[in-house]
Each structure stands twice: as C-alpha cells, then as structure tokens.
Amino acid sequence: MANAQAIITRPAVVRHRAFTAERLRFGYSLLAPAVVYMAVLVGVPFFFSLYLALSDASVGGTTANYVGLSNFVAVLQDGTIQQALRNTIVFTVVAGIFKGVLGTLLAFLLIQEVRGKKLIRSLVVIPWTLPVAISALAWKWMYDPQFSAINYVGTRLHLIQGWPNWLGDSFLAPVAVISVNVWRGFPFAAIVLMAGMSAVPLELLDAGKVDGANFFLRYRYIVIPVIAPILLVGLLFDTVFTLSDISIVYLLTLGGPMGATEILPTKALEIGIQAGALGRGASISLLLFPILLPVVYVLLRNLRRRETL
Amino acid sequence: MTAVRGHALPLQRVGLMEAGARRAKARSLRRHLLVYLGLVPFIAIAVFPVVWMGITAFKTDADLVNPTVFPFWFHQHPTWEHFTYLFQHTYYGDWIGNTMLIAACVSLITLLVGVPGGYALARVGLPGSENMGIGIFLGYLIPPILLFIPLSRVVALTHIIDTKWALVLVYPTFTIPYCTWLLSGFFKTVPPEIEEAARVDGCGRLGALIKTVLPVSVAGILTAVIFAFTLTMQDFLYSLVFVSVSDQKPVPLGVATDLIRGDVYYWGSLMAGALLVGIPVAILYVFFLDQFISGITSAAVK
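Residues numbered from 1 in each chain as written. Chains lettered and ligands numbered in written order. Predicted model: local features only at pLDDT ≥ 70, side-chain atom pairs only at ≥ 80, totals over all residues.

Chemist: Could you clarify how one ought to interpret the overall build of chain A in this entry?
Modeler: Of the regular secondary structure elements, chain A holds 14 helices and zero strands. Taken over the C-alpha trace, chain A has a radius of gyration of 27 Å; the compact-globule value for 309 residues is 19 Å, which it surpasses by more than 25%. Dimensions along the principal axes, computed over C-alpha positions, put chain A at roughly 100 × 75 × 30 Å. Counting over 309 residues, chain A shows a buried share of 42%. (Helix = DSSP H or I, 4+ residues; strand = E, 2+ residues; numbered from the N terminus. Rg over C-alpha atoms; globule rule 2.2 N^0.38 Å. Buried ≥ 20, exposed ≤ 12 C-beta atoms within 10 Å, placed from the backbone.)

Chemist: Which parts of the structure should I look at to understand the overall build of chain B?
Modeler: Broken down by element type, chain B carries 15 helices and two strands. With the C-alpha coordinates aligned to their principal axes, the bounding extent of chain B is approximately 90 × 75 × 35 Å. Here chain B holds 302 residues, and 43% of them are scored as buried. In chain B, the share of contacts with a sequence separation of at least 24, taken over all contacts with a separation of at least 6, comes to 74%. (Contact = placed C-beta atoms within 7 Å.)

Chemist: Where do I start with the interface of chain A and chain B in this structure?
Modeler: A common way to report how large an interface is uses the accessible area buried once the components associate. The interface is formed by 82 residues belonging to chain A together with 81 residues belonging to chain B. Of the residues belonging to the side of chain A that touches chain B, the class tally is 65 nonpolar, 13 polar and four charged. (Nonpolar A, V, L, I, M, F, W, Y, C, P; charged D, E, K, R; others polar.)

Chemist: Explain the packing of helix H8 (residues 172–189) of chain B against helix H11 (residues 218–234) of chain B to me, please; I cannot follow it from the model alone.
Modeler: In helix packing, the relevant descriptors are the interaxial angle and the interaxial distance, both defined with respect to the helix axes. Residue and element names in this part refer to chain B. The geometry of H8 relative to H11 is characterised by a closest axis approach of 10 Å and an angle of 160 degrees between their N-to-C directions. Here H8 is positioned roughly antiparallel relative to H11, judged by the angle of their axes. Our pair here, H8 against H11, has a crossing hand that is right-handed. Together, Phe 174, Thr 175, Tyr 178, Cys 179, Leu 182, Leu 183 and Phe 186 of H8 and Gly 220, Thr 223, Ala 224, Phe 227, Ala 228, Leu 231 and Thr 232 of H11 make up the contact between the two elements. In terms of residue class, the contact of H8 with H11 is made up of 10 nonpolar, four polar and no charged. (Axes fitted to C-alpha atoms, helices over the stretch in contact; angles between N-to-C directions. Parallel < 35°, antiparallel > 145°, perpendicular 65-115°, else oblique. Left-handed = near helix turned anticlockwise from the far one by under 90°.)

Chemist: Got a minute to help me understand the packing of helix H2 (residues 70–77) of chain A against helix H13 (residues 278–286) of chain A in this structure?
Modeler: Residues and elements named next belong to chain A. It is the contact of H2 with H13, at a shortest axis distance of 9 Å, that shows an interaxial angle of 65 degrees. The angle between the axes of H2 and H13 places the two elements in the roughly perpendicular class. The two elements H2 and H13 meet at a crossing, and its hand is right-handed. Taken together, the residues of H13 that come into contact with H2 (itself represented by Asn 71, Phe 72 and Val 75) are Gly 279, Arg 280, Ser 283 and Ile 284. By residue class, the composition of the contact of H2 with H13 is three nonpolar, three polar and one charged.

Chemist: Help me understand unusual backbone geometry, please; the structure alone is not making it clear to me.
Modeler: The bulk of non-glycine residues show a negative phi, and the bulk of peptide bonds are trans. Residues and elements named next belong to chain A. Unlike most non-glycine residues, His 158 shows phi in positive territory, near 60 degrees. Take His 158: it is sitting in the loop between helix H7 (149–156) and helix H8 (172–197). In this structure His 158 comes out as exposed when scored by C-beta crowding, with 7 C-beta atoms within 10 Å.

Chemist: I tried to follow the nonpolar core on my own but got confused; where do I start?
Modeler: Across soluble globular proteins, nonpolar side chains show a tendency to be buried alongside one another. In terms of nonpolar packing, the biggest core is built from 162 residues, with Leu 137 and Leu 252 of chain A touching the most fellow members. Residues in contact with Leu 137 of chain A, not counting those within four places in the same chain, are Leu 251 of chain A together with Val 255, Ala 256, Leu 270 and Ala 274 of chain B. (Core = buried A, V, L, I, M, F, W, Y, C linked by C-beta atoms within 7 Å.)

Chemist: Mind showing me how you'd approach H8 of chain B here?
Modeler: Every α-helix carries 3.6 residues per turn, so stepping three or four residues along brings you back to the same face. Between the first and last C-alpha of H8 of chain B there are 25 Å, a value that for 18 residues agrees with the 26 Å anticipated at 1.5 Å per step. Counting buried positions along H8 of chain B gives 15 out of 18 residues, so the element sits mostly inside the fold. (Expected span 1.5 Å × (residues − 1).)

Chemist: Any chance you could explain the environment of Leu 270 of chain B here in plain terms?
Modeler: With respect to the helices, strands and loops of the structure, Leu 270 of chain B is situated in helix H14 (residues 267–287). Taking C-alpha positions, Leu 270 of chain B is 9.5 Å from Asp 258 of chain B, a pair spaced 12 residues apart along the chain. Apart from the residues lying within four places of it in its own chain, the contact partners of Leu 270 of chain B are Leu 137 of chain A together with Val 255, Leu 259 and Tyr 265 of chain B.

Chemist: I keep staring at the environment of Phe 187 of chain B and nothing clicks. Help me out?
Modeler: All names here are of chain B. Relative to the elements of secondary structure, Phe 187 occurs in helix H8. Taking the C-beta count within 10 Å as the criterion, Phe 187 has 22 such neighbours and is therefore assigned buried. Sequence separation between Phe 187 and Val 216 is 29 residues; the distance between their C-alpha atoms is 9.1 Å. Sequence-distant contacts of Phe 187, that is, excluding residues within four places in its chain, are made with Gly 118, Tyr 119, Ala 122, Arg 123, Val 213 and Ser 217.

Chemist: In this structure, what is going on with the confidence of the model for chain B? I would like to understand it.
Modeler: One rule of thumb: low pLDDT means the predicted coordinates there are not for detailed reading. All names here are of chain B. In this model, chain B carries an average pLDDT of 82, and 91% of its residues clear a pLDDT of 70 or more. The weakest mean pLDDT in chain B belongs to helix H15 (residues 289–301) at 59; the strongest belongs to helix H12 (residues 237–242) at 92. Across the whole predicted complex the pTM is 0.85, and at the interface the ipTM reaches 0.84. (pLDDT = per-residue confidence, 0-100.)

Chemist: Any chance you could explain the environment of Ile 43 of chain B here in plain terms?
Modeler: With respect to the helices and strands, Ile 43 of chain B occurs in helix H1 (residues 10–58). Excluding residues that lie within four positions of it along the chain, Ile 43 of chain B makes contacts with Ile 120, Leu 123 and Val 124 of chain A.

Here's what the structure looks like:
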C-alpha cells in the first residue's frame, strides 16, 4: 500500500523539483545584475576603504604599507578633525531637531482642508526638490557680505542689528550652514508626516471621541503613537544624507572661518583627495561609520517589518 | 440664537437654518484665515530664495549692485544678458548636454538592472529574496561620503576618469537600490493571473514578464526613470571628485565651480544657470512627489 503510493507520487515530486529549480535559476539570474552591480561598486569599495584606512596609501605612492590603526590614532588626535567630528554631530542633531519641529508644525497646517492645498504643498516642497548644489549657491548669494538679501529684509523688519557677515563670523557661519540644511529638510519631514497622518485610522479617532477623549488626549494617545515611528523613519533617512552631505559646507564656507564649519566630509575630501593621503582620508570618512550604523540598522529593521506584514 | 428659540413656525425655522449656515460659513472662513496665516511664513521661507534667484538672473549687473534702491524689483529693464553669456562664453551648453546624456544612460542602466531585480524580488518567491532586497537597499544607505575615496582609485584605474562616463558608472549605485525597491512595489500590485494566463498560452517566464507585466507597469517604470534623473541631479560629491575637466561637467558642478572667475562671483549668470536647471527638476519632483514619498515611507506607513 505504502509502496504503491510512493510510486504514484514520485513523478509529481520530480516535476515539482524541476519546476522549482527552473524557477530559482530564472529568479536568481534576474536578480544577479543588481546584486553584482551593488557588490562591485558599493561592497568592494567599502572594504577597499577599510583596507586603505589601515595603510599609508597615497595618490603619488606606488606601494601601500600596512600601518595598523595608526591612521585612526593620528586622526583622532588631530584637533581640527576632533572639531570636525564635533561639528558634524552638532550640525546633524541641531538641524534634525529644527526639521522635526518645523516639519510637524507644517504637517498639521497642510492636513487642514483649505482651498489651494495642492498648490501650497507644491510651493512649500520647493526647497527639498532643488538640486542641493544649486540651493547652496542661492544661499551663498543671500549671505553675501555686501548685498545680503537676508540683512536687507532683516534690518528693515528690525530683526537684525547692523549688517552681519554671515559666512565670515565663527558664530554665525555654523548658524548659516545649519539654516540651509533645515530649509532644505523641513518640507521632507512635513510630507513624510502627512503621509503618516493619513494612515491614522479614523475609526480609532471616532472611538476616542465616543469614549470622551478630548482633542489633546486623542493626539496624545492615538495620533502621536501612530506618527512617531513615521517621523523617526523620515528623520533617520534625512540623518543619513545630512551626515554625509558635503555640498552646503563646501560651497558656502569651505569649512571656515577658522574651522568653525568644518565637518568630516570636507575634511576627508581635503586630506584624502586634495592632499592625496588616501589612507588618512579613508579613515576620516570611516569615523562616520559608527554614527551611521545604528541609523541604518533601525531603517533596515523597518523595511523588514514591512516585508513580513 | 436665543431670540428664535421656542418658535416652531416653518418660516422661522428656515431663518434658523440660514443663521446656522452663516455661522458655519463664518467658522470656515475663520479656520481658513488661521490656516493661511500659519502657512504664510512657511511659504515665504520656502519660496523667497527662488524668487530672489529669478530676480537676480534677469537684472543687469549695474542694477544688481546699486545699494540705493529697493533690491527686490527691477530699476532697469530686465535683461537676458546673463543667459546669453552662459551659452556664448561658458561651457553651459556642454554641461546641459552632459547632464542629459548622464541622466539618460543612468536611467537606462537602472532600468536594465532594476526591472528584472524588482520583478525577482516581488514575484519569483526566491528563498532569501527578502534579505537580498534589503542588501540591495543597504547600498542606498551607504552614503557616497564613505565610498568616494576608494571609488576614486577604482575610477582612476580605468580611462574614464575626468570624463562624464565616470559618473555614468557610479550614479547607478544610488539609483539602482532606490528604483529596484520602487519597482518591486509596483510589480507586487500587478495581478498574477495576467501572467499565469500568458504562461498557459505558451509564453516562457521571461516572455510572460515582457509581454504582460511590463506593459501594465509603464507608470512604475516611468516613475523610476524620473527618479533616476532627479537623483542624478542631486549629486555633488562624486562629480566634484571624479570630473575636473570643464567641458565634461554636469550642470550643478559646472555652475558651482566654473562660473566663478578668480574670487569674483558673477551672481547674475550664476543664478541664471542655477535656475535654468533647478526649476525643471523642482517641477518634475512636485509632479511625482507622492510616488517618491511612498517609496521612502512605505517602510513605516504600511
């Protein structure tokens, strides 16, 4: 009996296996180009940068010797790089807070049903859509020491005293750089939040109303728990690009005055490419890695959660 | 309100309803005003730099540096001279050509790699495909700043350093992850029955993909092209490091590095050059905003 059954089902099993093998071959060969492209141009360079960071490779030199962690030691002992690291963290955190607050405010205004909503949304997202190098140039012109449009408006509205030189002052330059980053990023935070708010189930809000929850309670216990993870994802995404963005600082101040706006990316470019010290430069870039790692981890965990839902 | 209370005459009830409608209207007007009032500063801050760019681009140099007049309007006739200068005396025309060519090639590579990849992730049901998808997306989260130094050596080994082709090679590293992810989302929404029907009719797997899934995914593919294009325009670092020859530069790099003579900024032509590429990119983004956001936030929204 059992024997007979085995005979009957065997061809089906074989056919099923062939089907899966063929399907697997098909699937993997479709996926292969993407995996190979990313492995060759992201994976390999990443490990190559680890190798460079442990060597004394330079643009002119023909050989690279293993030097252990001495690049990292030298980099971490360098006062200007310590300042760049500090600035990178401060800029990212301060800009992130402002983007979160302004973005939340804007999102609450944008979800109101008012006439011209679509047009208003299109206007408000302009900063985020412009190529970043082009925005940086527009702001450099607005910060111009002689013809600053900001000073013109600010002094006439009595918001600004005198005629500050935004990019030449070691206190104002970081403010100027952070402002451009916030200007560019707050619409993104707002739009991400709007997408999140539209995901708040209306039945929940109604249920809250029926149960006698007032406006603030409804927000505290229903809306915020739903949108907080979305704002987090949006801000983390933004953090990855803020940490690694070079164009605003490069075009506005080149790290000056006196290193007040120096960040790790500008330092890595200066030492790794312009001075040709590849190993040293790679180690400066890699200082960003431990900061990026938790951010990337949280983002990927979110992706996985979507996949399993 | 108290005046009409207690009366049940139909005529007065109509009056009551009218009063209610008026009140509702007044309330709606007040709400509109409050919301607009809140939005005004945001709009002003968002738009002002762009408006100022526009005014600057059309002002004559003499008007631009005249400190005695209101700067945000024209005191001499608006001029095209900054635009004609760009095309006649700089490589601006080449930069536009380069940007177009780079964007077209990057889009093509992205599609050739991203369409099969996205389809495999969405449909084939490979074991471990979830991890591979996450692995590909990880490439999007490893920012250029970690890769530009080693990539500069990789590019230096080839003959394409200092040409636009270096950028054609490296830009897909950030367009492929994003667009593969986006496309896989699109493919998931195509009903599998269409494909199965084609297979019953004798199509192979690849044939079914090309003949049935691709035609209904045109919108998704178009979106992927738009993003390949706009993400390409957002880059600054790679072009700065890999391309230093003037006539090979893409527009954002060319405008930012080549229009400054010595230490002098010629703001009129700078802003003209910036505006001419900035506006089309901004318009494209605005049109495809919803798709872009859903691509990024679907992780959390779903």
